[in-house]
Amino acid sequence: QLQFVESGGGLVQPGGSLSLSCAASGFTFKYYAIGWFRRAPGKEREGVSCVSSTDGLTYYGDPVKGRFTISRDNHKDTVTLQMHNLQPEDTGVYYCAAESRIEGCSPRLDDWDYWGRGIQVTVSS
């Protein structure tokens, strides 16, 4: 059965760092783009970062460029999001997702096939 296990969230002070992990099972991981999305309080879900299936290319939303780094390990079926210099506006529920696509990542939420349950990230002093 398809499953995502998201871990690494929690509470951190502004300027701090967290590392989110998404461990996948139940589908052929290497053929899917893997992305992280987030939903801030009172806002719609938005894309944070993704890594493509074929070339391992990475993409980042403007608010996190230069601060977040995404990587994937196809042997371990795992994606990691390293988050640095976190700010209060980064607070939200972060979701791991998978998309069957041979290149790139779709910016449209409806294109993504599978979703994790989400994990809370809170940035506060």
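Residues numbered from 1 in each chain as written. Predicted model: local features only at pLDDT ≥ 70, side-chain atom pairs only at ≥ 80, totals over all residues. Heavy atoms only, no water.

Please give an account of the state of the cysteines that cites residues and values.
Under the defined criterion, the tally for this structure stands at two disulfides. Across a sulfur-sulfur distance of 2.3 Å, C50 and C105 are joined as a disulfide pair. Between C50 and C105, the disulfide has an S-S torsion of 120° and is therefore right-handed. With C50 in strand β5 (residues 46-51) and C105 in the loop between β9 (92-100) and β10 (114-115), this residue pair connects regions lying 55 residues apart in the sequence. Look at C105 and you get buried, because its relative accessible area is 17%. When the cysteines engaged in disulfides are numbered in sequence order, the protein pairs them as 1-3, 2-4. (Disulfide = S-S within 2.5 Å. Helix = DSSP H or I, 4+ residues; strand = E, 2+ residues; numbered from the N terminus. Buried < 20%, exposed > 50% of the residue type's maximum accessible area, 1.4 Å probe, protein only.)

Can you break down the side chain of R67 residue by residue, with the values?
Structurally, the position occupied by R67 is in the loop between β6 (58-60) and β7 (68-73). A polar contact of 3.0 Å, which involves the side chain of R67, links it to the backbone oxygen of N85. With residues near it in sequence (within four places) discarded, R67 still touches Q82, M83, H84, N85, L86, Q87 and D90. (Polar contact = N/O pair within 3.5 Å; in protein donor to acceptor, adjacent residues only side chain to side chain. Contact = heavy atoms within 4.5 Å.)

Outline the side chain of E6, supporting the account with residue identities and numerical values.
With respect to the secondary-structure elements, E6 resides in strand β1 (residues 3-7). The buried charged residue E6 lacks any salt bridge, with R117 as its nearest oppositely charged partner at 7.3 Å. A distance of 2.8 Å separates a polar atom in the side chain of E6 from the backbone nitrogen of G118. Beyond its immediate sequence surroundings of up to four residues, E6 is in contact with S21, W36, Y94, Y95, C96, G116, R117, G118 and I119. (Lys, Arg positive; Asp, Glu negative; His and termini not counted. Salt bridge = Lys/Arg side-chain N within 4 Å of Asp/Glu carboxyl O.)

So what's going on with the packing of aromatic side chains? Residues and values would help.
Within the structure shown, the criterion is met by seven aromatic pairs. With 5.8 Å between their ring centres and 40° between their planes, Y32 and Y114 make a pair best called tilted. One end of the pair, Y32, is in strand β4 (residues 32-39); the other, Y114, is in strand β10, with 82 residues separating them in the sequence. Exposure remark for Y114: the relative accessible area of 30% places this residue in the partly exposed category. Plain terms: the ring middles of F37 and W115 are 4.8 Å apart, the flat faces sit at 50° to each other, and that makes the pair tilted. With a gap of 78 residues between them, F37 in strand β4 and W115 in strand β10 connect regions that are remote in the sequence. The exposure class of F37 is buried, given its relative accessible area of 4%. Aromatic ring contacts, followed pair by pair, group F4, F27, F29, Y32 and Y114 into a single cluster. Residue placement shows R45 over the ring face of Y95; its charged tip is 3.9 Å from the ring centre. It is R45 that lies over the ring of W115; its NZ or CZ is 4.7 Å from the centre. (Phe/Tyr/Trp six-rings, centres within 6.5 Å; stacked < 30°, edge-to-face > 60°. Lys NZ or Arg CZ within 6 Å of the ring centre and 35° of its normal.)

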